[in-house]
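Residues per chain are reported as follows:
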Amino acid sequence: MKKMLNIEEIKEATANTEYEFYGIRVDKIKYNTKETANNSHQLFQDPDFDEEGELIYPYIENGIYKGFYDAGELDGTCVIAFDAENNSSIQNAIERTKIYSGSYIHVLGGDYAEAGNDNGEIVISNAEVLLSVEK
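### Overview of the pattern of salt bridges
A full pass over the atoms with the stated rule returns 2 salt bridges. Between arginine 25 and aspartate 27 there is a salt bridge; the shortest N-O distance is 2.7 Å. Of the two residues, arginine 25 and aspartate 27, both sit in the buried class. With a closest N to O distance of 3.1 Å, lysine 98 and glutamate 95 form a salt bridge. Residue lysine 98 is classed as partly exposed on the basis of its relative accessible area, which comes to 47%.

### Brief notes about the packing of helix H1 (residues 7–14) against helix H2 (residues 87–97)
Running from N to C, H1 and H2 point in directions that differ by 110 degrees, and their axes come no closer than 10 Å. When the interaxial angle is binned, H1 and H2 end up roughly perpendicular. Note on packing geometry: the crossing formed by H1 with H2 is right-handed. When H1 is examined against H2, the residues Ile7, Ile10 and Lys11 are found in contact with a partner set consisting of Asn87, Ile90, Gln91 and Ile94. Tallied by class, the residues present in the contact of H1 with H2 amount to 4 nonpolar, 2 polar and 1 charged.

Here is what the cut-offs are and how they apply
Residues numbered from 1 in each chain as written. Predicted model: local features only at pLDDT ≥ 70, side-chain atom pairs only at ≥ 80, totals over all residues. Heavy atoms only, no water. Salt bridge = Lys/Arg side-chain N within 4 Å of Asp/Glu carboxyl O. Buried < 20%, exposed > 50% of the residue type's maximum accessible area, 1.4 Å probe, protein only. Axes fitted to C-alpha atoms, helices over the stretch in contact; angles between N-to-C directions. Helix = DSSP H or I, 4+ residues; strand = E, 2+ residues; numbered from the N terminus. Parallel < 35°, antiparallel > 145°, perpendicular 65-115°, else oblique. Left-handed = near helix turned anticlockwise from the far one by under 90°. Contact = heavy atoms within 4.5 Å. Nonpolar A, V, L, I, M, F, W, Y, C, P; charged D, E, K, R; others polar.

This is the structure we're talking about:
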């Protein structure tokens, strides 16, 4: 059975922090607590072409982005956002992350974030790893 974080573990991880933004990320990369997570990339499933018919973003054939078109690095790490004071918000974020594949689940925090493309997603700059567990 796959490991999934629970509300108590997340509240414990965020309890002694004062970040403005928090989120959960499922990833293939293992991080340790207190590390800064890598910046995410803007990925597309479908190709995009310019006016001359040339591919705009390269197709990735190997590595963690295999099978996607990479539009480049973002200014932070993509996460599903939650309010650390609100159990319902935390539970909602836990549920939303179940669709993502990866071997690790991370709780991240940071002081600056911008909206992401997916529903409930934000991009946290210099995201600190507050908790990391293997699925």
